[in-house]
Amino acid sequence: RISTERTLEALDSLTYSGGLTNHADAFTVCRESGSSRMRKDVILLITDGDPTAPPGSPRADAVEAATEAKAEGISIIPVMIVPEVVTQLNPDTVEYLKEISSDGSIFEVSDFSVLGSLQESLLAQVSCQV
């Protein structure tokens, strides 16, 4: 398991590399990585939009994988990277992200450099309540 500090360091070091977006594989790999009974299992999906892979039905595959993860008690928190030049999000993309989200909400940031601004909000969502 990775500590909160290491997770935040990893978020700080993210850079956008472009390419295909495979949400279904992301959910599957995270589910298979194991869980801890001592803390809440969370998938933080940082994306620039709709899945573009695998071939066929990437969105349907992602919804299925997200549903399986949520059924196992894993919380999914989508974070959408929305460049400032974008004036309106595709409503279908927003609905898709709300569907895969555990609580129906999504976070939006203008680029990877401002992910840190979500730190408190995200930590509040993923902190175990005892």
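Scope of this entry: the structure provided in the associated data block. (Residues numbered from 1 in each chain as written. Predicted model: local features only at pLDDT ≥ 70, side-chain atom pairs only at ≥ 80, totals over all residues. Heavy atoms only, no water.)

1. Digging into unusual backbone geometry
Here comes step 1: The omega angle of the peptide bond from Ala-53 to Pro-54 is 0°, so this bond is cis rather than trans.
Here comes step 2: Structurally, Pro-54 can be placed in the loop between strand E1 (42-47) and helix H3 (58-71). (Helix = DSSP H or I, 4+ residues; strand = E, 2+ residues; numbered from the N terminus.)

2. Considering the nonpolar core
Here comes step 1: By size, the foremost hydrophobic cluster in this structure holds 18 residues, and its most contacted members are Phe-27, Ile-43, Ile-76, Tyr-96, Leu-97 and Ile-100.
Here comes step 2: Of all the elements in the fold, those that place two or more residues in this core are helix H2 (23-32), E1, H3, strand E2 (75-81) and helix H4 (91-100).
Here comes step 3: Ranked by the residues each element gives to this core, the list is headed by H3, at five residues.
Here comes step 4: Once residues within four sequence positions are removed from consideration, Phe-27 is found in contact with Ile-43, Leu-45, Ala-62, Ala-65, Ala-66, Ile-76 and Ile-100.
Here comes step 5: Within the second largest apolar cluster, eight residues are counted, among which are Phe-107, Val-109, Phe-112 and Leu-118. (Core = buried A, V, L, I, M, F, W, Y, C linked by side-chain atoms within 4.5 Å. Buried < 20%, exposed > 50% of the residue type's maximum accessible area, 1.4 Å probe, protein only. Contact = heavy atoms within 4.5 Å.)

3. A word on H3
Here comes step 1: An ideal rise of 1.5 Å per residue puts 20 Å on 14 residues; H3 measures up with 20 Å between its terminal C-alpha atoms.
Here comes step 2: Taken residue by residue, H3 has Pro-58, Ala-62, Val-63, Ala-65, Ala-66 and Ala-69 as its buried positions.
Here comes step 3: Looking at the buried residues of H3, the elements they touch are H2, E1, E2 and H4.
Here comes step 4: Just downstream of H3 lies Gly-73, where phi reads positive at about 90°. (Expected span 1.5 Å × (residues − 1).)

4. Here's the deal with the sheet that holds E2
Here comes step 1: The three strands are arranged E1-E2-E3 in an open sheet whose pairing can be described as parallel. At either end of the open sheet lies a strand with only one pairing partner, and these are E1 and strand E3 (107-109). Going across the sheet, the axis of each strand differs from the next one's by a mean of 20°, ignoring polarity.
Here comes step 2: Relative to E2, E1 runs parallel, the two being bridged by six bridges. Bridge pairing links Ile-46 to Val-79 in E2.
Here comes step 3: In this fold H2 packs onto E1 and E2, with an angle of close to 155° to the strand it touches most, E1. (Pairing = 2+ DSSP bridges. Axes fitted to C-alpha atoms, helices over the stretch in contact; angles between N-to-C directions.)

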